[in-house]
Amino acid sequence: MDRYLVFGHPVRHSKSPFIHTLFARQTQQELEYGLAEPAVDEFAQALCTFFDQGGKGCNVTVPFKEQAFTLVDQLSSRAKRARAVNTIKLTDDGVLLGDNTDGAGLVADLKSHGVTLADSRILLLGAGGAARGALAPLLAELPSELVIANRTHTKAQQLAAEFCDLGPVTAQTYELLAGPFDLVINSTSASLQGELPPLAPGLIHADIAIYDMMYGATDTPFIGWAKQHGARQTMDGLGMLVEQAAEAFTVWRGIRPGTKQVLRELKRNLGVI
Ligand code: ATR
């Protein structure tokens, strides 16, 4: 049977095996999908061994995405832009192809929630790996403006300069942000420390869409805060997780699984519904 897995550390709580097993069942693809948690300095060896032993493809998550970028034979253009790889496919010619489906997953999830990206004013919080992966797919949707704000402003400036050939992207400090924005996307890891990005509450209004790439069984701190200040449409990153997986499955198997039912099952599994 064709073998796939996700590399990460830690990875025990990954939902990817659950998601891909449902995709495989739904599309009647014969495959198995597991987990691998190599020591941080043993990822390269583990990746080699997996493919030497007949593995067909894998996902790569924290903290290995940047390393995977340097280890594959070929890169998709979206992986080149993201400078990170979350999906690897062994092609029929024996080439290890590195791709990045995170940004496409974000855009697909935003669209499935009915969020309009064309001509919209988007605020992206954070300038780390997650922001970098999102930029090209977001700009491809032709927003009227995309502003990046980051605690370390120079990183936002560098990112804006790097992507400005793709669309109207600029950097601004949190203090000087001027609304109104149609959509705010939180790509920061602030929630992991139970913190909030230092956004002025005045930027939140009833018609704004709020997206947090993090997720949990209850509202993330950022979503809770945005609701408190009047945001009516809030979305967490669970849909992005399923959509980036669907995109990876499509890369591997050439068949696109449906995501709605799988997202429902995942919510049930997490105790969200
Ligand atoms: P990831 O790959 O998840 O994007 P990362 O590359 O470590 O992780 O980036 C984390 C992002 O969250 C950064 O933009 C970071 O801001 P700095 O560049 O100033 O470090 C941001 N971040 C982390 N904690 C934050 C906090 N408490 N408030 C605001 N931003 C925070």
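Residues numbered from 1 in each chain as written. Predicted model: local features only at pLDDT ≥ 70, side-chain atom pairs only at ≥ 80, totals over all residues. Heavy atoms only, no water.

**Side note on the side chain of Thr 220**
Step number 1: Among the secondary structure elements, Thr 220 is positioned in the loop between β11 (209–212) and α8 (221–228).
Step number 2: For Thr 220, a relative accessible area of 7% translates into the label buried.
Step number 3: One polar contact links the side chain of Thr 220 to the main-chain amide nitrogen of Ile 223, over a distance of 3.1 Å.
Step number 4: For Thr 220, the residues in contact, after removing those within four places along its chain, are Asp 212, Met 214 and Tyr 215. (Helix = DSSP H or I, 4+ residues; strand = E, 2+ residues; numbered from the N terminus. Buried < 20%, exposed > 50% of the residue type's maximum accessible area, 1.4 Å probe, protein only. Polar contact = N/O pair within 3.5 Å; in protein donor to acceptor, adjacent residues only side chain to side chain. Contact = heavy atoms within 4.5 Å.)

**Focus on the site of the ligand**
Step number 1: Near the ligand, the surroundings consist of 15 residues, among which Ala 130, Asn 150, Thr 152, Lys 155 and Glu 195 are the closest.
Step number 2: At a separation of 2.5 Å, an oxygen atom of the ligand approaches a polar side-chain atom of Thr 152.
Step number 3: Within the side chain of Gln 193, a nitrogen or oxygen atom sits 3.5 Å from a nitrogen atom of the ligand.
Step number 4: Protein chains bury 75% of the 640 Å² of accessible surface belonging to the ligand in isolation. (Near = heavy atom within 4 Å. Areas by Shrake-Rupley, 256 points an atom, 1.4 Å probe, with all protein chains shown as cover.)

**A closer look at the nonpolar core**
Step number 1: Leu 106, Leu 110, Leu 146, Ile 148, Leu 183, Ile 185 and Tyr 211 are the most contacted members of the largest nonpolar core, which totals 28 residues.
Step number 2: Of all the secondary-structure elements, those providing two or more residues to this core are α5 (102–112), β7 (121–125), α6 (129–139), β8 (145–149), α7 (153–163), β10 (183–186) and β11.
Step number 3: It is α6 that contributes the most residues to this core, six residues altogether.
Step number 4: Look past the residues within four positions of Ile 148 in its chain and what remains in contact with it is Leu 124, Gly 126, Ala 127, Leu 135, Ala 156, Leu 159, Ala 160, Val 169, Thr 170, Ala 171 and Gln 172. (Core = buried A, V, L, I, M, F, W, Y, C linked by side-chain atoms within 4.5 Å.)

**Quick look at the packing of helix α1 (residues 16–27) against helix α9 (residues 238–253)**
Step number 1: Close contact between α1 and α9 brings their axes to 10 Å; oriented N to C, the two are set at 55°. Between α1 and α9, the angle is such that the two are oblique. Relative to α9, the crossing made by α1 is right-handed. Of α9, the residues touching α1 (which contributes Ile 19, His 20, Phe 23, Ala 24 and Thr 27) are Leu 241, Val 242, Ala 245, Ala 246, Phe 249 and Trp 252.
Step number 2: A breakdown of the residues in the contact of α1 with α9 according to their chemical character gives nine nonpolar, two polar and no charged. (Axes fitted to C-alpha atoms, helices over the stretch in contact; angles between N-to-C directions. Parallel < 35°, antiparallel > 145°, perpendicular 65-115°, else oblique. Left-handed = near helix turned anticlockwise from the far one by under 90°. Nonpolar A, V, L, I, M, F, W, Y, C, P; charged D, E, K, R; others polar.)

**Description of the pattern of salt bridges**
Step number 1: A full pass over the atoms with the stated rule returns 13 salt bridges.
Step number 2: With a shortest N-O distance of 3.0 Å, Lys 111 and Glu 141 are connected by a salt bridge. Taken together, the residues Lys 111 in helix α5 and Glu 141 in the loop between α6 and β8 connect sequence positions 30 residues apart.
Step number 3: A single salt-bridge network, built from bridges that share partners, covers Arg 78, Asp 99, Glu 247 and Arg 256. (Salt bridge = Lys/Arg side-chain N within 4 Å of Asp/Glu carboxyl O.)

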